Every structure is written in structure tokens, then in C-alpha cells.
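In case you want the letters, here they are:
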Amino acid sequence: MKTGTNVLQWPVEEVEELRLNATEYQGVELEPGSVVPLNITSATQLDISATFEVDEAALEGTFEADVGYNCSTAGASVKGALGPFGLLVIADDSLSEFTAIYFYIAKDTDGSYTTFFCSDEMRSSNANDINKRIYGGSVPVLDGETLSLRSLVDHSIVESFAQGGRTVVTSRIYPTKAIYGAARAFLFNNATGANVTASVKIWTLDSAYIHPYPLDNMYEV
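This structure is a prediction, so every number in the text was calculated from the model and none was measured.

## Topic: the layout of surface pockets
- Taken as a whole, the largest pocket holds about 420 Å³ of empty space.
- Forming the boundary of the largest pocket are 17 residues, of which Leu59, Ile105, Val141, Leu142 and Glu145 lie nearest the centre.
- Those elements that provide at least two residues to the lining of the largest pocket are β3 (45–54), α1 (56–61) and β6 (113–120).
- A per-class count over the lining of the largest pocket returns 8 nonpolar, 4 polar and 5 charged.

## Some points on the side chain of Thr44
- With respect to the helices and strands, the residue Thr44 is situated in the loop between β2 (34–38) and β3.
- Accessibility expressed as a relative area gives 6% for Thr44, which makes it buried.
- Apart from residues lying up to four places away in sequence, Thr44 is in contact with Ile90, Val153, Asp154, His155, Ile179, Tyr180 and Ala183.

## Observations regarding the environment of Leu8
- For Leu8, the position within the fold is in the segment before β1 (19–30).
- A C-alpha to C-alpha distance of 4.8 Å links Leu8 and Gly165, two positions 157 residues apart in sequence.

## So, the sheet that holds strand β7 (residues 134–138)
- The sheet built from 6 strands is open, its strands ordered β2-β11-β4-β5-β6-β7 with antiparallel pairing. The outermost strands of the open sheet, each flanked by one partner alone, are β2 and β7. On average, each strand axis in the sheet is tilted by 20° relative to the strand beside it, whichever way the strands run.

The rules behind each value
Residue positions are given per chain, counted from 1 along the sequence in the order it is written. Local features in this predicted model are restricted to residues of pLDDT 70 or higher, and side-chain atom pairs are both shown and tallied only at a pLDDT of 80 or more, whereas totals for entire chains, interfaces and linings draw on every residue. Think of the side-chain values as coming from all heavy atoms in the structure, minus any hydrogens and water. Note on definitions: the grid is 1 Å and covers protein atoms alone; a cavity is a set of points where a 1.4 Å probe fits but cannot get out; a pocket is an open set with protein on both sides within 12 Å along at least five of seven lines; lining residues have an atom within 4 Å of a point. Grid points are joined across faces, edges and corners, and a volume is the space filled by probe spheres set on the points. Helix and strand assignments follow DSSP, with helices taken as H or I runs no shorter than four residues and strands as E runs no shorter than two, numbered in order from the N terminus. Ten residues, namely Ala, Val, Leu, Ile, Met, Phe, Trp, Tyr, Cys and Pro, are considered nonpolar, four, namely Asp, Glu, Lys and Arg, are considered charged, and the remaining ones, Gly among them, are considered polar. Relative accessibility thresholds used throughout: buried, under 20% of the residue-type maximum; exposed, over 50%; partly exposed, between the two (1.4 Å probe, protein chains only). Any two residues whose heavy atoms approach within 4.5 Å are treated as being in contact. Each pair of strands is called paired provided DSSP finds at least two bridges between the two strands. Axis definition: a line fitted to C-alpha atoms, over the contacting stretch in the case of helices. Angles run 0 to 180 degrees between N-to-C directions.

Right, here's the structure in full:
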């Protein structure tokens, strides 16, 4: 294990058997404050792999200390010099509903960095009678590594894995508008001081066939 400290979590290989057509985007430039639509219609069942590269000059030139950052107290709309940036999934065209999966890089006073991987459900639904939260945690990123995530989207479940599964966040959501054919996906960058380059590969997913348990019919005559 590269970090020596993380238990890795990753989807079972059988999920890949559900992949249908793939759409790929290479080198998408995300300027500060930008939202870029991904041309995926009916984006309710997806397998998304994405990488993000932050402009090196911005990383080195940022003097902002953000030692108090915490996923649970700051969502995708709270802008910092080096984040947040990532994906908006189960979103409608007008972005009245979306679930944000994102990275946030916090720079300490000594010049070191801590990278956070978070899920923001606060705009996941227009319904008011459900629990919405922001949560996540830090994820180790080794020297020379690119920020990477994989997200599995299935109607009301979004499960996302950062850096090969070192940190995992799972959201249960209840969209009212971003459903079936109205669901969309976007890239976004809410960092104020850094351009981000994203590369994404998205597969639409077939519905899973649940095989009967082999002993279900053992008592039939």
C-alpha cells in the first residue's frame, strides 16, 4: 500500500459489467468560478472516473492559510484559493438541484497542504423535509500524484472514491427535478485563485440483474 496507513475501499469488479456506452473528455480547462456541462443525457446511472490537475504556479504562489477547513462546515459554494472543484451529479439543467463531489486543498502556515474530499448534499433536493448534510475528510495525496476520483451514481445513491479508495463518501439523496431524463452532470471549479484541468470518462450503466439465491428453490417439488 502506497501510504502504509489507509484501508482501501473500491467497487466490486462486477460493476464494470454494467457499463454501456462511454463518453470521454480530455484536458477540460476549468477557470475560477466555472461550471462546464458534460453532454450526458439521463445521467441517473453512471460510472465516472476523473482526474484533476491544479495549476502548479497557483499552488506555489498561494499564501492563504486555511488551517481551519473542515468538510462539515464549508460546502461547495464556499470559495477558497485552491478549492472546491470537482463534479456536480444528479443535477438539473438550471442547477436548482445537484450533489457536489469535490476536492478542497487547504494550505497551512508552514506551506504544506492538506487535501479534503467532500460531498455536499445541501442542494441535492428542493424538498425541505429531508436531511441534507456536508461531510467528508482528508485524503492523502503523495508527491507526484494527480487528484483522482471515481463516482458511482444510481438514481438516489452517489458513492465516490478518492485516490484509489483512500477516502470514500456516500450520499443518499432525494431529488425532485433531477430525475430520469432530466438528470445531468457537470464539472465545476469554485477556487478563486487556481485554474484546474480535468479529464473525465463516463459510462452509462445498465440496471443490475439480481441473481436468485441458489437455495431459494431447494424446497420446491
